[in-house]
Amino acid sequence: MSDTKNAATNDSAYDVVVVGAGAAGLSAALVLGRARRRVAVVNAGTPRNAPAAHMHGFLSRDGMPPAALLEVGRTEVAGYGVDLIDGRVDHIDPGFLVHLAGGPALRARRVLVATGLRDELPEIPGVRERWGRDLLHCPYCHGHEVRDEPIGVLGTHPGAVSQALLLQRWSADTVFFPHTLDLTDDERERLAARGVRIIDGAVKRLVVDGDRLRAIELAEGSVVPRSAVFVVPHMVPRDALLTGLGCERDESGWVTTDPSGRTSVPGVWAVGNVADRRAQVVTAAGMGSTAAIAVDHDLVDEEVTRDVEDYRAAEATSSSSLRPAAHAVSLEGHRGSASRP
Ligand SMILES: Cc1cc2nc3c(=O)[nH]c(=O)nc-3n(C[C@H](O)[C@H](O)[C@H](O)COP(=O)(O)OP(=O)(O)OC[C@H]3O[C@@H](n4cnc5c(N)ncnc54)[C@H](O)[C@@H]3O)c2cc1C
């Protein structure tokens, strides 16, 4: 990528440093670049959906490889003079000084954090290996591609029952494996009523053959043929930069933002999956755009305040320089009155 800098420069301040160049960060950078802001985007290059071959549900980009979307995005933002920097931000000082790991620091008037989230997966052999391929998490991203196939759902998370109830619409052959989950009678009834088969017992592994998922093997030895398996990962926001700056979190531990992505710390915005685990690619891009506009407004407010102060100072200077005679007269008068007995 010819427009990407391999090392950061610390020559002067940026209006905005964006951390993360997924859909959220790049979308924000595009809007800010077009608003003629001086912008740097620092990116560690590990977008969440990298394991998937195709991205779905983004109007006009449905089925595009995730990496291709980001490549187009990088080219677009570079066209507006945005600096793209390969690297990882280690921490951010208030004010703001954005420290790259093992590198220099970038001065910024505002920071926009779009670092995404981390998916923690259950420790079942085959799960990590097939993640994003035929071990899936999002019916809306991948359900259509596995419609009418034999689908399995792993009960490793309380949200798995809802996932199975949804997935039955994509495939009538959906099997729920409670694994370690204790199903309530109500949950069993809901699954049965919906036509979702339940197979109890601990899952031993995903059976993979010829680079394809073939089945789920249970600890007691039976093998249930499946060509796609869904799991609900434990989603952990990559929010260390935000919490390091003192951004408030809600009771579930996620950083709080207003509808524009503004955090509790003035000058700091958070967008995409780092702020909302539900954000799809198109939603993350929208959050980036919304935040960028709010950041630009915030910068303009600051600039107008400063301009008014400068303007008033200049007005005061010019009006005082236009009154030398009156000043002299008044001084004369003053001297005169002071000389009176
Ligand atoms: C397997 C899988 C498939 C998916 N498929 C779809 C789909 O088909 N359609 C859909 O809409 N959604 C899909 N998603 C969800 C999609 O991945 C997210 O909606 C999207 O990635 C969110 O974008 P983001 O910009 O918030 O974060 P990300 O895309 O994760 O980008 C964050 C970026 O920040 C960088 N970063 C993190 N920390 C730092 C740091 N300290 N310094 C510098 N850079 C940093 C990362 O390296 C990364 O490049 C899928 C998710 C998964 C897991």
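Here is what the cut-offs are and how they apply
- Residues numbered from 1 in each chain as written.
- Predicted model: local features only at pLDDT ≥ 70, side-chain atom pairs only at ≥ 80, totals over all residues.
- pLDDT = per-residue confidence, 0-100.
- Contact = placed C-beta atoms within 7 Å.
- Pairing = 2+ DSSP bridges.
- Helix = DSSP H or I, 4+ residues; strand = E, 2+ residues; numbered from the N terminus.
- Axes fitted to C-alpha atoms, helices over the stretch in contact; angles between N-to-C directions.
- Near = placed C-beta within 6 Å.
- Nonpolar A, V, L, I, M, F, W, Y, C, P; charged D, E, K, R; others polar.
- Domains from an automatic or database assignment.
- Buried ≥ 20, exposed ≤ 12 C-beta atoms within 10 Å, placed from the backbone.
- Arc of directions from axis to C-beta.
- Right-handed = clockwise from strand over helix to strand, strands pointing away.
- Parallel < 35°, antiparallel > 145°, perpendicular 65-115°, else oblique.
- Left-handed = near helix turned anticlockwise from the far one by under 90°.

Undergrad: Just give me the short version of the confidence of the model for the chain, but keep the residues and values in it.
TA: Interpretation of this model should avoid reading the predicted coordinates in detail wherever pLDDT is low. Here the chain averages 92 in pLDDT, while 91% of its residues score no lower than 70. Below pLDDT 50 for its whole length, residues 1-11 participates in 20 contacts with residues either more than four positions away or in separate chains. Here residues 326-341 scores under 50 on pLDDT; set against residues more than four positions off or in separate chains, the count is 0 contacts.

Undergrad: How would you summarise the sheet that holds strand E12 (residues 197-198) if you had to cite specific residues and measurements?
TA: As summarised here, the arrangement of the 5 strands in space is E9-E16-E10-E11-E12, forming an open sheet in which the pairing is parallel. Only two strands of the sheet have a single partner each, and these edge strands are strand E9 (135-136) and E12. Taken together, the 2 bridges between E9 and strand E16 (residues 228-230) define a ladder with parallel strand orientation. Its bridge partner lying in E16, Leu-135 is registered against Val-229. The strands touched by helix H5 (residues 160-167) are strand E10 (151-154), strand E11 (174-177) and E16; relative to E10, the strand with the most contacts, the crossing angle is about 165°.

Undergrad: Quick one: what's the story with the site of the ligand, residue by residue and with numbers?
TA: The full set close to the ligand counts 39 residues, and Gly-20, Gly-22, Asn-49, Gly-116 and Gly-272 are the nearest of them. If you list the elements that add at least two residues to the shell around the ligand, you get helix H1 (23-34), strand E3 (39-43) and helix H8 (281-321). Of the residues that constitute the shell around the ligand, the class distribution is 20 nonpolar, 15 polar and 4 charged. Split by domain, the shell around the ligand shows at least three residues from each of two domains, domain 1 (4-119 + 234-303) and domain 2 (122-230).

Undergrad: Explain H5 to me, and be specific about the residues and the numbers.
TA: When H5 is considered as a whole, its buried residues turn out to be Ala-160, Val-161, Gln-163, Ala-164 and Leu-167. All buried residues of H5 fall inside an arc of 160° around its axis, so they share one side. Those residues of H5 that are buried are in contact with helix H4 (139-142), E10, E11, helix H6 (185-193) and E16.

Undergrad: Tell me about the pairing of strand E4 (residues 83-86), and please be specific about residues and values.
TA: In the sheet, E3 pairs with E4 via 4 bridges, with the strands oriented parallel. Bridged to Val-41 within E4 is Leu-84. Handedness of the crossover joining E3 and E4 through helix H2 (residues 66-78): right-handed.

Undergrad: Now, about the domain arrangement of the chain: what can you tell me, with residues and values included?
TA: Split into domains, the chain comes out as domain 1 (4-119 + 234-303) and domain 2 (122-230). Spacing between the C-alpha centres of domain 1 and domain 2 amounts to 34 Å. Residue-level contacts link 6 residues of domain 1 with 8 residues of domain 2. Grouping the constituent residues of the side of domain 1 that touches domain 2 by class yields 2 nonpolar, 4 polar and no charged.

Undergrad: Outline the packing of H1 against H2, listing residues and values.
TA: Relative orientation of the contacting elements H1 and H2 amounts to 20°, with a least axis distance of 9 Å. Classed by the angle they form, the pair H1 and H2 counts as roughly parallel. When you trace H1 past H2, the crossing you get is left-handed. Packed against H1, whose contacting residues are Leu-26, Ala-29, Leu-30 and Gly-33, the element H2 presents Leu-70, Gly-73, Arg-74, Glu-76 and Val-77 at the interface. By residue class, the composition of the contact of H1 with H2 is 5 nonpolar, 2 polar and 2 charged.

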